[in-house]
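Chain by chain, the residues run as shown.
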Amino acid sequence: MKSRIYILTLCLLAIIPACTQQEKLPADVISDETPVLSDFTIRTSLSAMQVGGGKSSSRSLEPMGPEEENPVKSLAVIQFDSEGNLLRINRNGSGISSYYHFRDFTDGGELPGELSPTLTDISLFSGLSQTRVCFIGNMEEEEVEECLYRDGTTTPVGWTDFQNKTVTVNYITSGDNVGHVERIYLFGYHEGALSGSGNLDDGTTAGQMSVILSRLIARLEISINLAEDVTLPAGYNIYFRLQNVEEEAYLFLDVDRTNYVHRHSELMPTTNRTDYITGTDFSTFYFYVAPHLVMSDEVETEATRLLIWCTTDDAANLDEEQADAKILLCNDPSKETPTAAGAYWLNRNSIYHVNITLTYEDQSRQTGAPWGVKQADGSYHYTVNMKKN
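Residues numbered from 1 in each chain as written. Predicted model: local features only at pLDDT ≥ 70, side-chain atom pairs only at ≥ 80, totals over all residues. Heavy atoms only, no water.

### Details of the overall build of the protein chain
Summing up its helical and strand segments, the protein chain has four helices and 22 strands in all. A fraction of 79% describes how many contacts in the protein chain between residues 6 or more apart in sequence connect residues 24 or more apart. Roughly 17,300 Å² of accessible area belongs to the protein chain as shown, and the carbon and sulfur atoms make up 44% of that amount. (Helix = DSSP H or I, 4+ residues; strand = E, 2+ residues; numbered from the N terminus. Contact = heavy atoms within 4.5 Å. Areas by Shrake-Rupley, 256 points an atom, 1.4 Å probe, with all protein chains shown as cover.)

As C-alpha cells, this is what we get:
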C-alpha cells in the first residue's frame, strides 16, 4: 500500500489601503518613522487542511469534527514596528491591554465560533515601511496577555522574544476521543509596509486587510491493514503508540533559533489495536500533534515515530527500543535528504497520511530503505513483517 504525505503551507494576503486617525506612535517607542494610528477592517479565513481517506471502525478512530477543527473562537491582534517594539494599538486599553485587540466570537462560550470572521474598528499604526501584524486565534485573553510579557517579567515582549513564544497543546489521552486535542490554536501574520491616508473622523472608509489563518497542529492519519492471507498466531496482539510527541508548539516554527526546546508529552498509552486490524480492509487512526522541527543530529531522540509491536506480552512490559517497527512521521520519512532543512519537520496545518501493511512470514524484516520505499509518484509504501525471524 502507499502512503502520501500532504503538506499545506500558510498563505497570507494583505490588501492595505488605509485611513488614519491623527494619533502618533507612543513615546515609549523610538523610531525614525512618523506613523499614525489608523483604523482597519480585517477579513479572516482559515487555510484548508486537505482531507485524507480511510475507513473508521469506532468513535475512537474518528477525526475531530469540523465544529472542532474549523471555527475561529477568538482572535487577538498585535503589532510590532521595524525595530521590534510592541506597539500600543488599543486606544481603549490600559496597561498590557493597550498592546492588543481581542475579539470573542463565541458570545461567552454560547456559540461555537465563526468560520471567517470580520474584525471592525481595529486600530493599527500605518505609515511604517516595515511592520509585523500578528493574529493569534482560539487563545484565552489571559493567555494573550501572558504571551505579551517577557518570560518572568512585566516588561512587554519584543519581536525576538515573541518569535520564541509557544502554546501548550492539551492532548486527550483517554476515552472515546483519545488522540484528539482540547483546542486548536490559530496563527497568521503580515510582514511588510503598512500605509494609509485620510481621517476616520471625517467619514473616510477604514483601511482593508485580509489574512489567512493557519492551525498550529498537524493531523496524522495512520491506516493499517493485514496483507492477504495473513493470520496472526494465537495469543499474539498488535500494539502501537506514538513516540516523541511535542507538548508545545512554537508560534513561529522556522525561525533560526540557537536553542530549539523539545518537551515530549505522552499523547497516548501503548494501546492494543488487534480488534481493529483484522484483514485487508484498512482501519485508520487519527492523531493531532504539535508541529515541530527536528535537526538531523537529533532525529534519533526527537523525531516523531509510530511504534508497533506484535507480541504475546502485555502492554506494560513493552520496551520502545524493542518495537517491531519504528516508522518516522515527518517530511522525509525515508531519510533521502537527511541534511535538508525541514527534513524531519511536522508542518502546521498539515495532514500526514500513512498506509502500513503488516505481514507475518518467513522473510527478512527489513529490505532496502527503512521500511518505506519511495514510489515513482512520490508516495511511500510501508510493508512491515511482524514475524521475528
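### A closer look at a negative patch on the surface
Together, D104, D107, E110, E140, E141 and E142 give the surface a local cluster of negative charge. On the secondary structure map, E141 appears in helix α2 (residues 141-147). (Patch = residues over 30% accessible without salt bridge, like charges linked within 9 Å, V, L, I, M, F, W, Y side chains within 5 Å. Salt bridge = Lys/Arg side-chain N within 4 Å of Asp/Glu carboxyl O. Lys, Arg positive; Asp, Glu negative; His and termini not counted. Charge placed at Lys NZ, Arg CZ, Asp CG, Glu CD.)

### So, the pattern of salt bridges
Between side chains of opposite charge, pairing is possible as soon as their charged atoms come close. Tallied over the full model, the rule gives eleven salt bridges. Between E191 and R132 there is a salt bridge, with its nearest N and O atoms 3.3 Å apart. Of this pair, E191 sits in strand β9 (residues 186-194) while R132 sits in strand β7 (residues 128-137), and the two are 59 residues apart along the sequence. A relative accessible area of 12% places R132 in the buried class. Of the charged contacts, one joins D151 and K165 as a salt bridge, the two residues approaching to 2.8 Å between their closest N and O atoms. With D151 in the loop between α2 and α3 (159-162) and K165 in the loop between α3 and β8 (166-168), this pair connects stretches of sequence that are 14 residues apart. Put simply, E69, R219 and E221 are held in one network by salt bridges that share partners. (Buried < 20%, exposed > 50% of the residue type's maximum accessible area, 1.4 Å probe, protein only.)

### A short note on the sheet that holds strand β18 (residues 305-311)
Taken together, the four strands give an open sheet; going across it, the order is β16-β12-β18-β19, and neighbouring strands pair in antiparallel fashion. At either margin of the open sheet sits one strand with a lone partner, and together these are β16 (271-272) and β19 (325-328). Alignment of β18 against β19, held across four bridges, turns out to be antiparallel. Paired with I308 across the strands is A325, a residue of β19. (Pairing = 2+ DSSP bridges.)

### Thoughts on the pairing of strand β11 (residues 218-226)
Most of β11 is tucked away, with nine of its nine residues classed as buried. Burial along β11 is two-sided: A218, L220, I222, I224 and L226 facing one way and R219, E221, S223 and N225 facing the other are all buried. The pairing of β11 with strand β17 (residues 283-289) spans seven bridges and is antiparallel. From the neighbouring strand, A218 faces β17, where its bridge partner is V289.

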